[in-house]
Amino acid sequence: MLQFLLRRTFGAVLILFLISAFTFFMFFAIPQDPALLACGKNCTPDALEIIHKNMGLDQPVPVQFWDYMVGIFAGRDFSVGHCAAPCFGVSFDNGQMIWPTLVDRLPLTISLSVGGLIVFLIVGLGAGMIAAARKGTWIDKTFSSASLVLSSLQIYFLGPVVLGIFVYSTGWLEKPKYVPFSESFGGWFMGLLIPWLVMSVIFTANYTRMARSTMIEQLQEEYVRAARAKGMSNRYVFFRYAWRGSLIPIVTILGIDLGALLGGAVVTEYTFGLAGIGRLAVESVKDKDLPLTMGVMVFSAALILFFNIVVDALYAVIDPRVRLA
């Protein structure tokens, strides 16, 4: 298992390096001088020259990329002060270090993504299991039909509808907001309940159908029939054999969906006015704050790769043949 994880980690580091290089050189592919974006409207040649020097833009692009990568691990010095590692640069918009800004927004995005993940896994897989166990009954048809309807809904449509019904009309739920988990568990849970439910709707529908189809397929496998022929109870066979086998393709798709989950967090944060990394990414693009945009992209890529390593570890636990491949 350790060698398996080390191989996955090495591959993730290599991918992250390539993403960083691509993002950095795309930064310099824009037709406008990056220093002009930081200089503002009333920019003078002298001020532009100072910005070039302070930000290291007077150096060749490969040297700048090397300084950028070194800064992530060892820190860098800017005109506004020393940027401790991990250093992703200085924002054009407010002159603040990018890493503290990312760390400040991270808890909300992690809470939103992990909470939505837990909701759609529990509800989606649970509904899929029930539908597979009751194949052909009204329960199966109801869950299958509901999943088709829910999969067509979008966050930007469903969010305002849920707010209008459950917050502004009935007052049953409170308006979404972020309360740190360490301050109040109840405030944290209730403040993110609506975003969790809305963001997980599409994923829940997809995983309901996926869990149903894979479970039905597993129940028809020879090893499951053999277990039943040995006199094992249907419940034991269902959970001990069929359920574990059905998790393999689901975990595979989960690794792919992690990127989509963070993408859903972007729309969710904007829909409910939550200040997370997703909203920060949109604002950095609107403000043409290129260092901040780069920092968000590289940091988000690192998060996705980390969660993919966790998913790979779960995959190896479920199916030991992966470790031998």
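Residues numbered from 1 in each chain as written. Predicted model: local features only at pLDDT ≥ 70, side-chain atom pairs only at ≥ 80, totals over all residues. Heavy atoms only, no water.

## Concerning the confidence of the model for the chain
Okay, so step 1: Of the residues in the chain, 94% reach a pLDDT of 70 or more, and the chain-wide mean stands at 83.
Okay, so step 2: Mean pLDDT across the secondary structure elements of the chain bottoms out at helix α13 (residues 321-324), with 58, and peaks at helix α5 (residues 98-133), with 90. (pLDDT = per-residue confidence, 0-100. Helix = DSSP H or I, 4+ residues; strand = E, 2+ residues; numbered from the N terminus.)

## A word on the environment of L303
Okay, so step 1: By the secondary structure assignment, L303 is in helix α12 (residues 290-318).
Okay, so step 2: Exposure remark for L303: the relative accessible area of 14% places this residue in the buried category.
Okay, so step 3: When near neighbours in sequence (up to four residues on either side) are disregarded, L303 contacts L106 and I110. (Buried < 20%, exposed > 50% of the residue type's maximum accessible area, 1.4 Å probe, protein only. Contact = heavy atoms within 4.5 Å.)

## Topic: empty space enclosed by the protein
Okay, so step 1: Applying the stated criterion across every chain, the model contains 1 cavity of 30 Å³ or more.
Okay, so step 2: What the largest cavity holds in volume is close to 90 Å³.
Okay, so step 3: Lining the largest cavity are T109, I110, S113, V114, L117, L258, L261, L262 and F307.
Okay, so step 4: Counting residues per element, the ones that place at least two in the lining of the largest cavity are α5 and α10 (234-272).
Okay, so step 5: Of the residues forming the lining of the largest cavity, the biggest block, 5 residues, is contributed by α5.
Okay, so step 6: When its residues are assigned to classes, the lining of the largest cavity shows 7 nonpolar, 2 polar and no charged. (1 Å grid on protein atoms, 1.4 Å probe; cavity = no way out; pocket = protein on both sides within 12 Å on 5 of 7 lines; lining within 4 Å. Points joined across faces, edges and corners; volume = space filled by probe spheres on them. Nonpolar A, V, L, I, M, F, W, Y, C, P; charged D, E, K, R; others polar.)

## Quick word on the layout of surface pockets
Okay, so step 1: If you add up the space inside the largest pocket, you get close to 440 Å³.
Okay, so step 2: If you trace the largest pocket, you find 19 residues lining it, with L16, I72, F73, V298 and A302 closest to the centre.
Okay, so step 3: Of all the secondary-structure elements, those providing two or more residues to the lining of the largest pocket are α1 (2-27), α4 (61-74) and α12.
Okay, so step 4: The element that contributes the greatest number of residues to the lining of the largest pocket is α12, accounting for 7 residues.
Okay, so step 5: Within the lining of the largest pocket, the residues separate by chemical class into 17 nonpolar, 2 polar and no charged.
Okay, so step 6: One number sums up the size of the second largest pocket: a volume of about 250 Å³.
Okay, so step 7: Among the secondary structure elements, those contributing two or more residues to the lining of the second largest pocket are α1, α4, β1 (76-78) and α12.
Okay, so step 8: Here the lining of the second largest pocket takes 3 residues from α4, the largest share from any one element.
Okay, so step 9: By residue class, the composition of the lining of the second largest pocket is 10 nonpolar, 4 polar and 3 charged.

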